[in-house]
Amino acid sequence: MWRPPQKIKWHPDPGRWPSAEEAGQSQLFSPFQIGEMRLSSRTWVPAMVPWRATEEGTVTEANIAWYERFARGRPGAIVVEATGIRDVPSGPPLRIGDDRFIAGLSRLVDAVRQASGGETRLLIQLIDFLAIRRRPEPEKFFRRHLRITDRHRAALDARAWPEDAVRERLATLPEAELIEMLDRRELEALRMGYRERVTDTDLPHIRDLPRTLPELFCAAARRAREAGFDGVELHYAHAYTMASFLSARNDRSDGYGGARWNRVRLPLEVFRRVREAVGSDYTVGCRYLTEDCIEDGMGVDDAAWFGVEFARAGMDFLSLSRGGKFEDAKQPKVGGSAYPYTGPSGYECMPQYVSDERGPFGRNVEPASRVRAAVRAAGFSTPVVVSGGIHGFEQAETLLREGKADLVGFARQSLADPDWFRKVKLGRGAEVRVCIYTNYCEALDQKHAEVTCELWDREALGEPGISKSKDGKRRMLPPAWSTTEEGDTIHIISARRATAHERKDYEE
Ligand SMILES: Cc1cc2nc3c(=O)[nH]c(=O)nc-3n(C[C@H](O)[C@H](O)[C@H](O)COP(=O)(O)O)c2cc1C
Ligand code: SF4
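Owing to the predicted nature of the structure, the values given are computational and were not obtained by experimental measurement.

Engineer: Explain the overall build of the protein to me, and be specific about the residues and the numbers.
Structural biologist: Helix and strand counts for the protein come out as 21 helices and 14 strands. In summary, the protein has a C-alpha radius of gyration of 24 Å against a globular reference of 23 Å for 508 residues, a match within 12%. If one aligns the C-alpha atoms of the protein with their principal axes, the spans along those axes are about 85 × 50 × 50 Å. Considering the protein as a whole, with its 508 residues, one finds that 57% of them fall into the buried category. Sequence-distant contacts in the protein: of pairs separated by 6 or more residues, those separated by 24 or more amount to 69%. Of the roughly 21400 Å² of accessible surface on the protein, 49% is carried by carbon and sulfur atoms. The distance from the centre of the 76 positive side-chain charges to the centre of the 77 negative ones in the protein is 1 Å.

Structural data, given as structure tokens:
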């Protein structure tokens with residue numbers, strides 16, 4: 001992962017933990033209404049892909065156990081990972097592109113409801129993404145993938161050569177000459193792997209996205225409602241299709257690119273179609289970016305303007321992330337795929353402890369507050385969710401009190417300790433396992449390996465009945481945490497063996 005050149009090491013500082021009484025009176029643990037959905041607190045677990053579904057994208061027992069474990073911590077809401085809306089295989093993230101996925105997703109909904117005692121609301125993030133291929137072997141690229149055109153022939157002075165001879169010649173050229181010979185996209189396909197863009201309107205399926213996507217999102221949202229989710233989050237963030245429509249780099253000339261109004265057109269058309277399908281009594285919002293964080297990308301002024309339009313259209317919430325784009329991703333190894341969280345924009349999305357003077361904690365709070373202020377100034381009360389490096393109670397409470405956001409997202413912090421919410425609410429914040437923002441979890445995500453956290457995945461590996469990674473070296477879920485009764489100050493470690501660390505706590 002890219003890191004800021006300053007390389008300043010930051011340590012998480014959760015600050016002072018509240019007593020149970022103080023937590024009870026806080027904004028963070030106050031109920032909150034979003035559209036038709038009442039949250040028990042203003043806490044939110046943003047979408048995180050754990051890589052636990054089947055290759056076909058169906059729900060597994062591991063998926064159910066994962067979300068059940070998060071639900072035991074009783075956050076206000078959990079957003080289920082980015083879930084593909086098309087009926088095409090895309091590996092172990094979940095899918096919702098056909099009615100056959102509903103049964104598995106319903107089981108997941110039931111498990112979360114039961115584990116949280118009905119306290120946690122469950123949404124699902126709906127995603128569309130375009131094709132991306134692995135970085136090819138140069139030989140293969142020139143022999144098979146590159147489309148030979150007159151431009152190549154002219155550059156090689158090889159107009160009459162058979163195509164194979166042109167390919168052979170290109171395959172032997174040094175990099176410096178290839179730079180002259182290939183266009184920008186061809187060079188990118190060679191160095192990074194081929195990647196489709198929303199601006200590739202010469203491809204019929206890309207040209208037709210404004211016709212196909214509203215229906216795909218709408219059918220997925222209808223299935224989500226049928227499966228029992230409390231709401232849907234349209235994924236308009238990061239490196240994926242809808243964010244690329246919003247991006248300032250979108251220069252489509254068919255009325256869906258260029259000016260802001262054109263760039264927001266498809267995201268609004270998708271939303272309206274979804275709203276028509278699920279009705280006004282169902283929670284629908286979106287996740288989008290405060291900034292692309294790439295050269296010539298969209299900035300916070302765009303985000304504020306889009307926020308007002310989303311609010312005007314009737315979205316129930318706006319969840320704000322930042323960065324996470326392909327455009328500045330690191331070059332993958334031959335055979336690997338570009339990953340959108342490896343460049344500076346990726347850093348902004350999941351800021352890591354090695355940082356710059358601003359540090360990794362709450363980098364998105366000020367941009368998000370600008371979006372919220374614009375939405376409020378336009379007369380809308382649409383709630384704004386902010387995330388990025390938030391791990392402490394005081395940090396969360398302060399940003400709510402200062403009106404910078406309405407709900408607080410804790411992604412990696414809830415992965416480090418899904419019981420954060422209960423522990424803090426019960427006045428037991430000192431027992432929180434605080435995220436150290438190393439991005440070990442994100443590295444697993446990049447490898448498409450089952451996501452775990454380094455703070456717990458080697459703990460109590462001998463515990464009977466736990467599930468482990470294929471190599472047996474990592475546990476798949478954090479150890480349990482429980483109390484005899486809510487508010488009781490006695491810490492009872494549940495039916496498992498205490499770790500050395502916990503035993504030490506007891507003996508003291
Ligand atoms: C393992 C992992 C998977 C993620 N998957 C998604 C995803 O499916 N959809 C999404 O919008 N963001 C995803 N994110 C980004 C998080 O939702 C969040 O925006 C980011 O981690 C910053 O918040 P944090 O500092 O609270 O972790 C993922 C993050 C991690 C660490
Ligand atoms: S592995 Fe754990 S500690 Fe490290 S960033 Fe991820 S959640 Fe935080």
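Engineer: Give a detailed account of the nonpolar core, specifying residues and quantitative values.
Structural biologist: Counting 100 residues, the largest nonpolar core has L126, F229, L234, Y236, Y288, F310 and W420 as its most contacted members. If you look at the next biggest cluster of nonpolar residues, it comprises 15 residues, including L146, I148, M181 and L187.

Engineer: Describe helix 17 (residues 393-401), and please don't skip the residues or the numbers.
Structural biologist: What helix 17 keeps buried is the set F393, A396, E397, L399 and L400. All buried residues of helix 17 fall inside an arc of 165° around its axis, so they share one side. Close packing links the buried residues of helix 17 with helix 16 (365-377), strand 11 (384-386), strand 12 (407-409) and helix 19 (420-425). Where helix 17 ends, the next residue or the one after it, G403, has phi of about 70°, a positive value.

Engineer: Summarise the environment of L426; cite the residues concerned and give the values.
Structural biologist: Tracing the sequence through the fold places L426 in the loop between helix 19 and helix 20 (440-446). Along the chain, L426 and R52 lie 374 residues apart, while their C-alpha atoms are 31 Å from each other.

Engineer: Before we move on, can you summarise the sheet that holds strand 4 (residues 43-45) with the specific residues and values?
Structural biologist: Pairing between the strands of a sheet comes from backbone hydrogen bonds, and it takes one of two forms, parallel or antiparallel. Pairing is parallel around the closed barrel formed by eight strands, whose spatial order is 4-5-6-7-8-9-11-12. Put simply, the sheet's adjacent strands are angled 25° from each other on average, direction ignored. Strand direction decides the pairing type here: strand 11 and strand 12, joined by two bridges, are parallel. Paired with V386 across the two strands is V408, which belongs to strand 12. Strands strand 4 and strand 5 (77-84) of the sheet are contacted by helix 2 (residues 61-72), whose axis makes an angle of about 155° with strand 5.

Engineer: Give me the lowdown on the side chain of R42, citing residues and values where you can.
Structural biologist: Structurally, R42 is set in the loop between strand 3 (37-39) and strand 4. Reaching out from R42, the side chain makes a polar contact with the backbone oxygen of D406 at a distance of 2.9 Å.

Engineer: Describe the state of the cysteines, and please don't skip the residues or the numbers.
Structural biologist: On inspection of all chains with the given rule, the structure shows zero disulfides. Among the cysteines around C286, which has no disulfide bond, C349 carries the closest sulfur, lying 15 Å off.

Engineer: Pulling in residues and values, what's your account of the site of ligand 1?
Structural biologist: Ligand 1 sits among 19 residues. The nearest are A47, Q125, R287, G389 and R412. Contact distances for ligand 1 include 3.2 Å between an oxygen atom and a backbone N or O atom of A82. A distance of 2.6 Å is found between an oxygen atom of ligand 1 and a backbone nitrogen or oxygen belonging to G389. Starting from 620 Å² of accessible surface for ligand 1 in isolation, the protein chains cover 97%. When its residues are assigned to classes, the shell around ligand 1 shows 10 nonpolar, six polar and three charged.

Engineer: Would you mind going over the packing of helix 14 (residues 300-313) against helix 16 in detail, with residue names and values included?
Structural biologist: For the pair helix 14 and helix 16, interaxial distance at closest approach is 8 Å and the crossing angle is 40°. Looking at the two axes, helix 14 sits oblique to helix 16. Like other packed secondary-structure pairs, helix 14 and helix 16 cross with a definite hand, here right-handed. On the side of helix 14, the interface is formed by V300, D301, A303, A304, G307, V308 and A311, while helix 16 contributes P367, R370, V371, A374 and V375. Class assignment of the residues belonging to the contact of helix 14 with helix 16 gives a composition of nine nonpolar, one polar and two charged.

Engineer: Help me get a handle on the pairing of strand 5, residues and values and all.
Structural biologist: Most of strand 5 is tucked away, with eight of its eight residues classed as buried. Alignment of strand 4 against strand 5, held across two bridges, turns out to be parallel. If you follow W44 over to strand 5, its bridge partner there is A77. Taking the sense of rotation as the criterion, the β-α-β connection linking strand 5, helix 3 (residues 102-115) and strand 6 (residues 121-127) turns out right-handed.

Engineer: Provide a residue-level description of helix 14, including the pertinent values.
Structural biologist: The terminal C-alpha atoms of helix 14, which comprises 14 residues, lie 20 Å apart, in line with the 20 Å expected from a rise of 1.5 Å per residue. Regarding helix 14, the residues found buried are V300, D302, A303, A304, F306, G307, V308, E309, F310 and A311. Directly beyond the C-terminal end of helix 14, a positive phi value near 105° is found at G314.

Engineer: Which residues make up the site of ligand 2, and what values do they have?
Structural biologist: Close contacts around ligand 2 come from 13 residues, with C435, T438, N439, C441 and C453 the closest. Among the secondary structure elements, those contributing two or more residues to the shell around ligand 2 are helix 18 (412-416) and helix 20. Taken together, the residues of the shell around ligand 2 sort by class into nine nonpolar, two polar and two charged.

Engineer: Account for unusual backbone geometry, naming residues and giving values.
Structural biologist: One non-glycine residue, W51, adopts positive backbone phi at about 55°. Structurally, W51 is set in the loop between strand 4 and helix 2.

Engineer: Describe the packing of aromatic side chains, with residues and values.
Structural biologist: Tallying each qualifying case throughout the model produces 16 aromatic pairs. With a centroid separation of 6.1 Å and 70° between ring planes, the pair formed by W17 and W420 is classed as edge-to-face. Separated by 403 residues along the polypeptide, W17 in the loop between strand 1 (8-9) and helix 1 (20-24) and W420 in helix 19 bring together distant segments of the chain. Across this residue pair, the class does not change: W17 and W420 are buried. An aromatic cluster of at least three residues, connected via ring pairs, comprises W17, F410, W420 and F421. Residue placement shows R265 over the ring face of Y256; its charged tip is 4.1 Å from the ring centre.

Rules used in this analysis
- Residues numbered from 1 in each chain as written.
- Chains lettered and ligands numbered in written order.
- Predicted model: local features only at pLDDT ≥ 70, side-chain atom pairs only at ≥ 80, totals over all residues.
- Heavy atoms only, no water.
- Helix = DSSP H or I, 4+ residues; strand = E, 2+ residues; numbered from the N terminus.
- Rg over C-alpha atoms; globule rule 2.2 N^0.38 Å.
- Buried < 20%, exposed > 50% of the residue type's maximum accessible area, 1.4 Å probe, protein only.
- Contact = heavy atoms within 4.5 Å.
- Areas by Shrake-Rupley, 256 points an atom, 1.4 Å probe, with all protein chains shown as cover.
- Lys, Arg positive; Asp, Glu negative; His and termini not counted.
- Charge placed at Lys NZ, Arg CZ, Asp CG, Glu CD.
- Core = buried A, V, L, I, M, F, W, Y, C linked by side-chain atoms within 4.5 Å.
- Arc of directions from axis to C-beta.
- Pairing = 2+ DSSP bridges.
- Axes fitted to C-alpha atoms, helices over the stretch in contact; angles between N-to-C directions.
- Polar contact = N/O pair within 3.5 Å; in protein donor to acceptor, adjacent residues only side chain to side chain.
- Disulfide = S-S within 2.5 Å.
- Near = heavy atom within 4 Å.
- Nonpolar A, V, L, I, M, F, W, Y, C, P; charged D, E, K, R; others polar.
- Parallel < 35°, antiparallel > 145°, perpendicular 65-115°, else oblique.
- Left-handed = near helix turned anticlockwise from the far one by under 90°.
- Right-handed = clockwise from strand over helix to strand, strands pointing away.
- Expected span 1.5 Å × (residues − 1).
- Phe/Tyr/Trp six-rings, centres within 6.5 Å; stacked < 30°, edge-to-face > 60°.
- Lys NZ or Arg CZ within 6 Å of the ring centre and 35° of its normal.

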